[in-house]
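# Topology and contacts: notes
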Amino acid sequence: MPNEPLIDGTVFRTHSGNYYVQPLGGGAEVVCKLRGNLKKELVFSTSGSRPRRVDSAKKRRTTDPLTVGDRVRFEPSEAIIEEILPRHSQLSRHSPSGRGQHTLVANLDQVFVVFAGGPNMPDFRLLDRFLVLTEAAEITPRLVLNKMDRVTEEDRAELEAGVGVYEKVGYSIFWTCAKTGQGIEELCAAMQGRISAVAGPSGVGKSSLLNAVQPGLSLKTGEISNADFSGRHTTTTAELLPLTGSGWVADTPGLRQVDFWEVEKADIPLCFPEFAPYLGECRFADCRHHTELSCAVRAAVETGEIDRRRYDSYLSMS
Ligand SMILES: Nc1nc2c(ncn2[C@@H]2O[C@H](COP(=O)(O)OP(=O)(O)OP(=O)(O)O)[C@@H](O)[C@H]2O)c(=O)[nH]1
Ligand SMILES: [Mg+2]
Ligand SMILES: [Zn+2]
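Residues numbered from 1 in each chain as written. Chains lettered and ligands numbered in written order. Predicted model: local features only at pLDDT ≥ 70, side-chain atom pairs only at ≥ 80, totals over all residues.

## Examining the overall build of the chain
Inclusion rule: Helix and strand assignments come from DSSP, with helices taken as H or I runs of at least 4 residues and strands as E runs of at least 2, each series counted from the N terminus. Field definition: a residue is buried when 20 or more other C-beta atoms are found within 10 Å of its C-beta, exposed when 12 or fewer are, and partly exposed for counts in between, with C-beta atoms placed from the backbone. Two residues qualify as being in contact provided that their C-beta atoms, derived from the backbone, are within 7 Å of each other.
Counting its regular elements, the chain contains seven helices and 13 strands. Taken across its 318 residues, the chain has 36% of its residues classed as buried. For the chain, restricting intrachain contacts to residue pairs at least 6 apart in sequence, the fraction spanning at least 24 positions comes to 66%.

Okay, here's the thing in structure tokens:
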């Protein structure tokens, strides 16, 4: 029986059964343990109004009872977590054992998908995958074009046109340079009061950006972290880093597209926001928007309302 009122907090680090909790009302962090029987009864409640894809995601087995970003209630005198509050989102990848899912960060409000603007043109198809995977987890993606100092004059117009497509879709865009500080203030402001993560290919400057956003973090940069192209998963869990003012951010070096859960094919059209006005307008209710007759999505591609390259990305993953 708890002998003091429970306190709400956010788990920001986990380490061998210890959960570092920041009380919501402020004050010093508390290192908690999880009440033993909580481990077994972990079912995150669903609101009922959530789209189907969330419910199917929730049914999947989790290998970790509690992860960074989780909101908990703990009993302060004994530092025991008594309750875990429902998650509103979770960013997951296959568990290291290959069975079930491993949640990297819970309750993310947004993911900054980082790509390098130069010296090479970003791989827009890979970018689309990151966006779809973030959308599928119902987390707001934001797009960061880093290394703007490496963009050559002759590539600039093409880059701006390519990125303009995403702006038109409605994504917010950040043009940054971790070296010169370009765009860092805007990034800082967008992270205030929220739980964020950075994701993207290796070497694009995710850790460098966070070091610029929050001086003093001293995140390792330069070499490829978790050089792990053999297909083996590292067991490193993300940690939430506190931001000056308010908010948290997770640097997720191991996060690559292959680490994400497969998105169910039927959900992929929902992960392209610019398709939304046309879904339901197709002749066939089960239209996959490939070669079906009277497809409203394809018609919108023909008229240019949907960008053809984005549609090609859709075809490649659906
Ligand atoms: N010119 C230039 N170099 C940058 C910029 N941002 C980062 N870099 C360099 O790019 C390299 C990779 O940066 P990291 O921050 O380690 O990249 P990362 O995305 O965290 O990579 P992983 O942790 O492997 O996923 C480092 O040598 C950085 O110094 C930038 O805006 N401009
Ligand atoms: Mg890094
Ligand atoms: Zn269709």
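## Some words on the site of ligand 1
So the rule is basically this: Being near a molecule or strand means, for a residue, that its backbone-placed C-beta atom lies within 6 Å of it.
Taken together, the neighbourhood of ligand 1 is formed by 19 residues, with G205, K206, S207, S208 and T221 sitting nearest. The element contributing the most residues to the shell around ligand 1 is helix α5 (residues 206–213), with three residues.

## Focus: the pairing of strand β9 (residues 140–146)
Note the cut-off: The pairing criterion for strands is at least two bridges between them, as found by DSSP. We call a crossover right-handed when, viewed with the strands running away from us, the connection from the first strand over the helix to the second turns clockwise.
Buried residues dominate β9, accounting for six of its seven residues. In this structure, strand β8 (residues 110–116) lies alongside β9, joined through seven bridges in parallel fashion. Across the sheet, the residue bridging to A116 is N146, located in β9. Traced from β8 through helix α2 (residues 124–136) to β9, the parallel crossover comes out right-handed.

## With respect to the confidence of the model for the chain
In plain terms, the rule: Every residue gets a pLDDT, meaning the predictor's confidence in that residue, from 0 to 100.
For the chain, the average pLDDT comes to 85, and 81% of its residues sit at 70 or higher. Of the regions scoring below 50 in pLDDT, residues 43–61 engages in 16 contacts with residues more than four places distant in sequence or in other chains. Between residues 227–235, whose pLDDT stays under 50, and residues either more than four places distant or in other chains, the model counts eight contacts.

## Some points on the nonpolar core
Just so we agree on the cut-off: In these notes, a nonpolar core means any group of buried Ala, Val, Leu, Ile, Met, Phe, Trp, Tyr and Cys residues linked to one another through C-beta atoms within 7 Å.
Ranked by internal contacts, the top residues of the largest apolar core, which has 70 residues, are V105, V113 and A197. Each residue touching V113, except ones within four places of it in the same chain, is listed here: L127, F130, L131, T134, P141, R142, L143, V144, A199 and G200.

## Topic: the packing of helix α4 (residues 184–191) against α5
A packed helix pair is summarised by two numbers, namely the angle formed by the two axes and the spacing between the axes. What counts, and what does not: Only the stretch in contact is used when fitting a helix axis, every axis being a line fitted to C-alpha atoms; angles between N-to-C directions are given from 0 to 180 degrees. An angle counts as roughly parallel when it lies under 35 degrees, as roughly antiparallel when it exceeds 145, as roughly perpendicular when it falls between 65 and 115, and as oblique in every other case. Three residue categories are used. Nonpolar comprises Ala, Val, Leu, Ile, Met, Phe, Trp, Tyr, Cys and Pro, charged comprises Asp, Glu, Lys and Arg, and polar comprises the others, including Gly.
Running from N to C, α4 and α5 cross one another at 80 degrees; their axes reach a closest spacing of 9 Å. Taken as axis vectors, α4 and α5 run roughly perpendicular relative to one another. Between α4 and α5, the contacting residues are I184, L187, C188 and M191 on the first element and L209, A212 and V213 on the second. Class assignment for the residues of the contact of α4 with α5 results in seven nonpolar, no polar and no charged.

## Quick word on unusual backbone geometry
For the bond from G118 to P119, the omega torsion is 5 degrees, close enough to zero to count as cis. With a phi close to 30 degrees, S16 is a non-glycine residue in the positive phi region. Mapping S16 onto the fold places it in the loop between β1 (7–15) and β2 (18–23). A positive phi angle is found at A79, which is not glycine, with a value near 55 degrees. If you trace the backbone, A79 turns up in the loop between β4 (71–75) and β5 (80–84).

## Quick notes on the packing of α2 against helix α7 (residues 308–317)
Rules: Crossings are assigned a handedness: left-handed for a near helix turned anticlockwise from the far helix by less than a right angle, right-handed for a clockwise turn.
Viewed as axis vectors pointing N to C, α2 and α7 meet at an angle of 70 degrees, and their least axial separation amounts to 10 Å. The angle between the axes of α2 and α7 places the two elements in the roughly perpendicular class. Two packed elements cross with a definite hand, and for α2 against α7 that hand is right-handed. Between α2 and α7, the residues in contact are F124, R125, D128, R129 and V132 and R309, R310, S313, S316 and M317, respectively. For the contact of α2 with α7, a count of residues per class yields three nonpolar, two polar and five charged.

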